[in-house]
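Fold and contact review
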Amino acid sequence: MLQSHVETATLVASEKGKRLSSTFTRSARLGAVGAAAALAAGALLVTPAMAEEGGAPATLDEIAAVAFDAAGVQAVTTDGSQILIKTVPEGDAGEGGIKPYSADATSAEAIAQQYSNVAVQQLPEAIKAFGENDVVGGQGYASFNDAGEGGYCSIGFPAWSPNGDPAYISAGHCTGDGAYTTSYLTEPATDPANGGEGGVIWKDLGSLAFAQFGGPGNSTSQDTSEPLTDIAVFDVTNENLTLKPRMTDWSTASQNDLFASSQPITGVKNAAPGDPLQRSGRTTGYAESEVYDEGYVMVEDRIVKGFGAQITTIPGDSGGSAISNGAAMGVLSGGIEGYSWWADLDLGLDQIRGAVGDYQVMLDIAEPAVERDMTERDGSFTGSAPANSMVTITGDIEAEVPADDSGYFSFPAPNEVGSFDISLVAKQGYNVSEKVNATVKTSEITVDAPGITSPENEMSTTEVVTAITGTGEPGATVMLQGDAEGTAMVADDGTWSVETELGFGAYTVGVTQEFKGVQSEARWVSFQVVPGAPSIATPEDGGTYEEGQLPSVVGESGIEGAMVDVSIEGDNLTEAQLEALDAVGDTEVVGGTWMVDFNEQLAPGTYTVTATQSTAGVTSAAASATFDVVAASEEPGDGNGGGEQPGEGGGDDDELAATGADMNSMLPLAGGAAVALLAGGALLALRRAVRA
């Protein structure tokens, strides 16, 4: 039986705030001073006078070496003319400000007075890492009941409530069957995933909205027709927190910034055996594996539907996230040494939806992009964004336009010629993309997309494509994109050609033209370069073979390494014969030849064998040969050796000697150019030309 991975704790009061035991205290000291931060010039409160005249100047490194020993010092910088020791107000970062690093520390003011180029500036508050208030998947939290009883767990996925408010998803058993209703973030730097021994209660987090562990109503039902899950959702009540659609790898936990080392959550999927798996939790941190199995597992006394992986997790990891290359799959339910089990996320979301509304996993969606950034005045610009999202354009152009099912959107251009700076944001449901900046331009003219004359759209050819050709505006510059590159000038007669060398494969090529500084939209063409059909040497088309004398299908191809697929049709084929041929599968061209053994005898009748060859993801046309199989003839001996062999009697029980028709394997000749045909032992040199 698997154990759930919630770690029990008791919330007690102290003068320093809420904590999990008398030995755990709220962090009073800021992380590394070098953490990312940006301060506006106006945030500096005062700049005291320089040191008394006559003091020696100092270097930045000299001051930095001693200043951080002084209480309250946040930074040592230079503006090019003087060195600034920046401090925070007394008590801002804990009792007495930031604690000095040595008992011999002097004050920032005392240091500054010793040098002619050093001053002290006071900051309005302590510098904090920007990600300190960001909440991500895999982060630690604790939840409690009114009596202070509860435990540690991990956040699975940041989420949206039905009203678009922040929430988070975790495991149902982390709530003590719904008893632990209040939750708090634990400080990342002190969590076990960062080498800590416990977990400091750090920030208020949220309140329970719904939980289920096992069957509906937290039952111990073993009826697998019921929704058996381990899921919980909390509404976030701390307005200072910003939930992010990401999962942390814990490598920046020492700075209390889990967002800085996280990967985006871009969708939701059902887990399947073999899927790559990445997981995160507050106790064991980040690890990678793959989905091993799926189904139902007894976690303590409850059955949970989900999936497993051969990886170890321990108490405190419960509720933590499991994703597969960005797609959310489940929350950790329990495990044993070397094996862990996650509750299926889709099933859990269904239960949440039915009970308290449509909570959704928070997703990191792609930024919109402008694709046609030049048009005539009063025309339109086009771009791409997440499908069915709403794109908001701000700046020199203001617009809000929808993206269609394919992600295409357009917005109007001003009725004037010029250059316009804009910003774009896409919103899909409650998910909002990052903002991107772009510059678009208008002109007096419109340039249409160029025409493409060769290759034709959706065509298939066995010849290497050596050029893309078409028509356009004389003097315009044509540019290829997609699966081919190159440029050309449109000639006076309106034609253009760009040299290429496209061999076997499937291609999609786009073409634009630029004329007088205006670029057209792209015109696209898709085509394939496929191998020629392989030749079939035996059976010969129109040939006749005695029953039992056609054990192999043999042919030739000029494409070394191509895979040849062979099939056969006929009125008298048996199921066993079809299965035998299907079991052979594809065969590879080696030395210019290929062969498929066909050991099931064909009954008398008419048959057609078909062969295609594939390489570089494309398949040739089919070659075929139609032939007859007749019953074997039995000629009695005439006393003159007609049915007898030298040295043998001619009795009725004598066997016929072996002939060339009994051969059942290819006999390679020089260079593999000829094969032994299995009809009378005759040899046929295969010299047929094979196209590309």
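Our structure's up above, just so we're on the same page.
Right, let's walk through the structure included here. By convention here, each chain's residues receive numbers from 1 onward along its written sequence. In view of the model being predicted, local features appear only for residues whose pLDDT reaches at least 70, and side-chain atom pairs are presented and counted only at 80 or more, with totals across whole chains, interfaces and linings using the full set of residues. To obtain the side-chain values, all non-hydrogen atoms of the structure were included, while hydrogens and water were left out.

1. A closer look at the overall build of the protein chain
The way it works is that DSSP assigns letters per residue, a run of H or I at least four long becomes a helix, a run of E at least two long becomes a strand, and they are numbered from the N terminus. Looking only at helices and strands, the protein chain features four helices and 53 strands. Only protein chains enter the calculation, and the probe is 1.4 Å; a residue is then buried if its accessible area is under 20% of its type maximum, exposed if over 50%, and partly exposed in between. By residue count, 44% of the 692 residues in the protein chain fall in the buried class. Whether two residues are in contact is decided by their heavy atoms: any pair within 4.5 Å suffices. Counted over contacts in the protein chain with a minimum sequence separation of 6, partners at least 24 positions apart contribute 67%. All accessible-area figures derive from a Shrake-Rupley calculation using a 1.4 Å probe, and residue coverage is judged against the displayed protein chains alone. Carbon and sulfur atoms make up 46% of the accessible area of the protein chain, which totals about 32200 Å².

2. Looking at the environment of Val-331
With respect to the element layout, Val-331 can be found in strand β22 (residues 327-336). What makes Val-331 buried here is its relative accessible area of 1%. Along the backbone, Val-331 and Trp-341 are ten residues apart, and their C-alpha atoms lie at a distance of 8.5 Å. Setting aside residues up to four positions removed in sequence, Val-331 forms contacts with Gly-156, Phe-157, Ile-169, Ser-170, Ala-171, Asp-230, Ile-231, Gly-319, Gly-320, Trp-341, Trp-342 and Ala-343.

3. Here's the deal with the pairing of strand β42 (residues 523-529)
Strands qualify as paired when DSSP identifies two bridges or more between them. Across three bridges, strand β35 (residues 459-461) lies against β42 in parallel orientation. Along β42, the bridge assignment pairs Ser-460 with Gln-528. Where strand β40 (residues 505-515) lies against β42, seven bridges are found, and the strand directions are antiparallel. The partner of Gly-505 across the bridge, within β42, is Val-529.

4. Observations concerning unusual backbone geometry
Look at the link from Ser-454 to Pro-455: it is a cis peptide, with omega at 0°. Cis geometry is adopted by the peptide bond preceding Pro-539, which originates at Thr-538 and carries an omega value of 5°. As for its placement among the helices and strands, Pro-539 is situated in the loop between β43 (535-538) and β44 (544-546). One non-glycine residue, Asn-256, adopts positive backbone phi at about 55°. Its location among the elements puts Asn-256 in the loop between β14 (242-248) and β15 (262-264). In this structure, Asn-325 takes a positive phi of about 50° despite not being glycine. Secondary-structure assignment places Asn-325 in the loop between β21 (321-324) and β22. Classification of Asn-325 as exposed rests on a relative accessible area of 59%.

5. So, the state of the cysteines
When two cysteine sulfur atoms are found within 2.5 Å, that pair is recorded as a disulfide. One pass over the structure, following the stated rule, counts one disulfide. The disulfide bridge from Cys-153 ends at Cys-174, spanning 2.0 Å between sulfur atoms. Classification of the bridge connecting Cys-153 and Cys-174 rests on its S-S torsion, roughly -90°, and on that basis the disulfide is left-handed. You can see Cys-153 sitting in strand β8 (residues 149-154) and its partner Cys-174 sitting in the loop between β10 (166-170) and β11 (182-186), a full 21 residues away along the chain.

6. Topic: the packing of aromatic side chains
Each pair of aromatic rings taken from Phe, Tyr and Trp, with Trp reduced to its six-membered ring, is defined by centres within 6.5 Å and is described as stacked if the planes are under 30 degrees apart, edge-to-face if over 60, and tilted in the remaining cases. Counted according to the given criterion, the structure contains twelve aromatic pairs. Judged by centre distance (5.2 Å) and plane angle (65°), the ring pair of Tyr-141 and Tyr-168 falls under edge-to-face. Of the two residues, Tyr-141 sits in strand β7 (residues 140-144) while Tyr-168 sits in strand β10, which places them 27 residues apart along the sequence. Of the two residues examined, Tyr-141 and Tyr-168, each falls in the buried class. Between Trp-160 and Tyr-430, the ring centres sit 6.0 Å apart and the planes meet at 50°, which makes this aromatic pair tilted. With Trp-160 in strand β9 (residues 157-160) and Tyr-430 in the loop between β31 (418-428) and β32 (431-432), the pair connects residues that are 270 residues apart, well separated along the chain.

7. Examining the pattern of salt bridges
By definition here, a salt bridge exists when the distance from a side-chain nitrogen of Lys or Arg to a carboxyl oxygen of Asp or Glu is within 4 Å. In total, this model carries eleven salt bridges according to the counting rule given. We note a salt bridge from Arg-353 to Asp-350, for which the minimum N-O separation is 2.7 Å. Here Arg-353 pairs with Asp-350, and both are found in helix α3 (residues 345-356), just three residues apart, close to one helical turn. By relative accessible area, which is 36% here, Arg-353 ends up partly exposed. With relative accessibility at 43%, the residue Asp-350 sits in the partly exposed group. Residue Arg-377 is joined to Glu-444 by a salt bridge in which the shortest nitrogen-to-oxygen separation is 2.9 Å. One end of the pair, Arg-377, is in the loop between β26 (374-376) and β27 (380-384); the other, Glu-444, is in the loop between β33 (436-443) and β34 (451-454), with 67 residues separating them in the sequence. Overall, Glu-444 belongs to the exposed group, its relative accessible area being 56%. Put simply, Asp-177, Asp-301 and Arg-302 are held in one network by salt bridges that share partners.

8. Description of the sheet that holds strand β5 (residues 118-122)
Working definition: the strands of a sheet are paired by backbone hydrogen bonds and lie parallel or antiparallel to each other. Spatially, three strands are ordered β3-β4-β5 in an open sheet, and the strand pairing comes out mixed. Single-partner strands in this sheet number two, and they are β3 (73-78) and β5. Adjacent strand axes in the sheet meet at a mean angle of 25°, parallel and antiparallel pairs treated alike. Pairing analysis gives five bridges linking strand β4 (residues 83-87) to β5, with the strands arranged parallel. Along β5, the bridge assignment pairs Ile-85 with Val-120. Between N-to-C directions, angles cover 0 to 180 degrees, with each direction set by a line fitted to C-alpha atoms, over the stretch in contact for helices.

9. Remarks on α3
An expected span of 1.5 Å times one less than the residue number is assigned to each helix. A rise of 1.5 Å per residue sets the reference length of α3, with its twelve residues, at 16 Å; its end C-alpha atoms lie 16 Å apart and thus fit the reference within 8%. By the burial criterion, the buried members of α3 are Leu-345, Leu-347, Gly-348, Leu-349, Gln-351 and Ile-352. Pairs of N or O atoms within 3.5 Å make up the polar contacts considered here, provided that, within protein, one atom can donate a hydrogen while the other can accept it, and that residues adjacent in sequence are counted only when both atoms are side-chain atoms. The distance from a side-chain oxygen at the start of α3 to the backbone nitrogen of Asp-346 is 3.3 Å, and the residue carrying that oxygen is Asp-344.

10. A few points about the sheet that holds strand β30 (residues 408-412)
The strand order across the open sheet formed by three strands is β25-β27-β30, and the pairing between neighbours is antiparallel. In this open sheet, the two edge strands, each paired with only one partner strand, are β25 (369-372) and β30. Neighbour-to-neighbour, the strand axes of this sheet turn through a mean angle of 40°, independent of strand direction. As paired strands, β25 and β27 are joined by three bridges and run antiparallel to one another. The residue bridging Ala-369 from the neighbouring strand is Ser-384, located in β27.

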